[in-house]
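Structural overview
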Amino acid sequence: MRRLRPLLLLPLLALLPGCEAVVLAPAGDIAVQQRDLLVMSVVLMLIIIIPVMALTVFFAWKYRESNKEARYEPDWDHSTHLEVLIWAAPLLIIICLGAITWSGTHLLDPYRSLDRVNKGQAVAEGVEPLQVNVVAMDWKWLFIYPEYGIATVNELAAPVDRPIRFHITSTGVMNSFYIPALAGQIYAMPGMETKLHAVINRPGEYVGFSANYSGDGFSNMRFAFHGLDQAGFDQWVAGVRADSRSLDRETYLELEKPSEKVPVLHYASVDEGLFDAVLNMCVEPGKMCMGEMMAIDKKGGLGLTAVHATWPLVHDKYARRGEAVLGSGQSYVMAVCTPLEAEKAAVDAGRRRQELAVQMARSTPTEQIMGMGLARPGQSRLGEAVRTEVAATGWPLAPRIPAPTAADASAASQS
């Protein structure tokens, strides 16, 4: 009975034909080339693996203890022919694998535009790729079609034999955009844009999902991908446009909140510039975009002038939405000090406020927010601006400094 137990597993083999090896039978040209690269690499490695496994069994059988006729040579230590065979074959295979990997890495670069849509079929002249902006959320997928002005959630479609250019980002946790039938997986990261060029060559219904664990709803972070002919794709676009919903920034902020098992949603229109705002992490009203922040850094970085300009900006995705980052008033960090030290600190603070007011008055709001005219790191233009102002007006700074009152000194000493 113990010997017959393995036979009980035979009925399970009947279920294997229902498994679809989509990685080995893809429907997109890029995925086909990746499949061929995988198969070729495995075959080259099997040239070494199969003989080694066979010889292992052969040597174990030939030199078993009961085989008294086996040839035994305890003084044998070298064979030139055997050394050449052992080292030459793996070396040649490594060279072949290196050449295949190098060429495949460049030809299948996801950022590289397609020059063919199928084997022996080049991209027709004048054909523009279908652009799809992909946003990985918690835990759903948003697809925006800039060419058609529509958007969908958890549903993607593309016409057969037309190149597709994906622009991919994320709202928070890193995910991985993966449609096995179409092409390899590409990571989606917040504040960054990755790209993928691909094409679907066969109509059908395919599955896409996230291949990178991203939290509670990861298991259901899947979407349908429709490969359609041009007429079917046009009909699908018309169906999306027939929906009454519109994807503006307020709707997006609600959609962005974590949710699981979200059904397919269609949006007949999309707020212009929404994807760029998602990429720059500034969908919320008033929040500084990363592009603006980088422009300030390019101009020399955040100085005291730019700090005033950034006070009213909204920050923090969830915890402090709608509040100013630095508060609405001035704040000080004080140590235990004597009344004389407090008086000197108040005078110095008044002088710094006056110097800052001079520079603020000499710059426009646009220059303040873009950082124009600010000193580079390690340099200061406040003193130079004040000296220029004094030379132009002819009056000293001292009369404009408010004298500290007894109440200021008393409050500072108590601090």
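What comes next is a walk through the structure. (Residues numbered from 1 in each chain as written. Predicted model: local features only at pLDDT ≥ 70, side-chain atom pairs only at ≥ 80, totals over all residues. Heavy atoms only, no water.)

**Regarding the overall build of the protein**
Counting its regular elements, the protein contains 11 helices and 15 strands. In the protein, buried positions account for 33% of the 415 residues. If you take every contact in the protein between residues at least 6 apart in sequence, the share linking residues at least 24 apart comes to 67%. Accessible area for the protein stands at about 25600 Å²; split by element, carbon and sulfur atoms hold 61% of it. (Helix = DSSP H or I, 4+ residues; strand = E, 2+ residues; numbered from the N terminus. Buried < 20%, exposed > 50% of the residue type's maximum accessible area, 1.4 Å probe, protein only. Contact = heavy atoms within 4.5 Å. Areas by Shrake-Rupley, 256 points an atom, 1.4 Å probe, with all protein chains shown as cover.)

**Brief notes about the sheet that holds strand β9 (residues 183-188)**
Read across the sheet, five strands follow the order β6-β12-β11-β8-β9 without closing on themselves; strand pairing throughout is mixed. Each having just a single partner strand, β6 (155-159) and β9 make up the two edges of the open sheet. Averaged over all neighbouring strand pairs, the angle between strand axes comes to 20°, with direction disregarded. Direction of pairing for strand β8 (residues 175-179) relative to β9: antiparallel, over a ladder of four bridges. By the bridge assignment, Phe 177 is partnered in β9 with Ile 186. (Pairing = 2+ DSSP bridges. Axes fitted to C-alpha atoms, helices over the stretch in contact; angles between N-to-C directions.)

**Considering helix α2 (residues 80-107)**
In an α-helix there are 3.6 residues to a turn, and that puts residues three or four apart on one side. The terminal C-alpha atoms of α2, which comprises 28 residues, lie 40 Å apart, in line with the 40 Å expected from a rise of 1.5 Å per residue. All buried positions along α2 are accounted for by Ile 93, Leu 97, Ile 100 and Gly 104. Those residues of α2 that are buried are in contact with α1 (29-62). (Expected span 1.5 Å × (residues − 1).)

**Re the state of the cysteines**
Scanning the entire structure with this criterion turns up one disulfide. Residue Cys 282 pairs covalently with Cys 289 via a disulfide, S to S 1.9 Å. Classification of the bridge connecting Cys 282 and Cys 289 rests on its S-S torsion, roughly 80°, and on that basis the disulfide is right-handed. This pair shows no difference in class: Cys 282 is buried, exactly as Cys 289 is. (Disulfide = S-S within 2.5 Å.)

**Some remarks on unusual backbone geometry**
Going from Asp 138 to Trp 139, the amide bond is cis rather than trans, its omega being -5°. With a phi angle near 60°, Asn 154 is a residue other than glycine that sits in the positive phi range. Summarising the element assignment, Asn 154 is placed in the loop between β5 (150-153) and β6. Positive phi values are uncommon outside glycine, yet Met 281 reaches one of about 55°. Turning to its location among the elements, Met 281 is positioned in the loop between α5 (274-279) and α6 (290-298). By relative accessible area, which is 36% here, Met 281 ends up partly exposed.

**Concerning α1**
Spanning 34 residues, α1 covers 49 Å between terminal C-alpha atoms, matching the ideal 50 Å at 1.5 Å per step. Along α1, the largest kink reaches about 40° and is centred on Leu 46. Of the residues making up α1, those classed as buried are Asp 29, Ile 30, Ala 31, Ser 41 and Leu 44. Against α2, β1 (116-118), β9 and β10 (194-198) lie the buried residues of α1. (Bend = angle between axes of the 7 residues up to and from the residue.)

**Here we look at a nonpolar patch on the surface**
A grouping of Val 23, Leu 24, Leu 38, Val 39, Val 42, Val 43, Met 45, Leu 46, Ile 49, Ile 50 and Met 53 is seen on the molecular surface, where their side chains present a nonpolar patch of about 910 Å² in accessible area. For Leu 24, the position within the fold is in the segment before α1. (Patch = residues over 30% accessible without salt bridge, like charges linked within 9 Å, V, L, I, M, F, W, Y side chains within 5 Å. Salt bridge = Lys/Arg side-chain N within 4 Å of Asp/Glu carboxyl O.)

**A word on the packing of α1 against α2**
Here α1 crosses α2 at 175°, and the two axes come no closer than 9 Å. Classed by the angle they form, the pair α1 and α2 counts as roughly antiparallel. Within the contact between the two elements, α1 uses Leu 37, Met 40, Ser 41, Leu 44, Met 45, Ile 47 and Ile 48 and α2 uses Ala 89, Pro 90, Ile 93, Cys 96, Leu 97 and Ile 100. The residue makeup of the contact of α1 with α2, split by class, is 12 nonpolar, one polar and no charged. (Parallel < 35°, antiparallel > 145°, perpendicular 65-115°, else oblique. Nonpolar A, V, L, I, M, F, W, Y, C, P; charged D, E, K, R; others polar.)

**Points about the sheet that holds strand β3 (residues 130-136)**
Strand pairs in the sheet, formed through backbone hydrogen bonds, run parallel or antiparallel to each other. With respect to topology, six strands assemble into an open sheet ordered β10-β7-β3-β4-β5-β14, the strand pairing being mixed. Strands at the two margins of the open sheet, each flanked by one partner only, are β10 and β14 (265-267). Averaged over all pairs of adjacent strands, the angle between strand axes in this sheet comes to 20°, irrespective of strand direction. Sheet analysis places β5 next to β14, joined by three bridges and oriented antiparallel. When the sheet's bridge partners are listed, Thr 152 is paired in β14 with His 266. Along the sheet, helix α3 (residues 230-241) makes contact with β3, β4 (141-145), β5 and β14, crossing β5 at roughly 85°.

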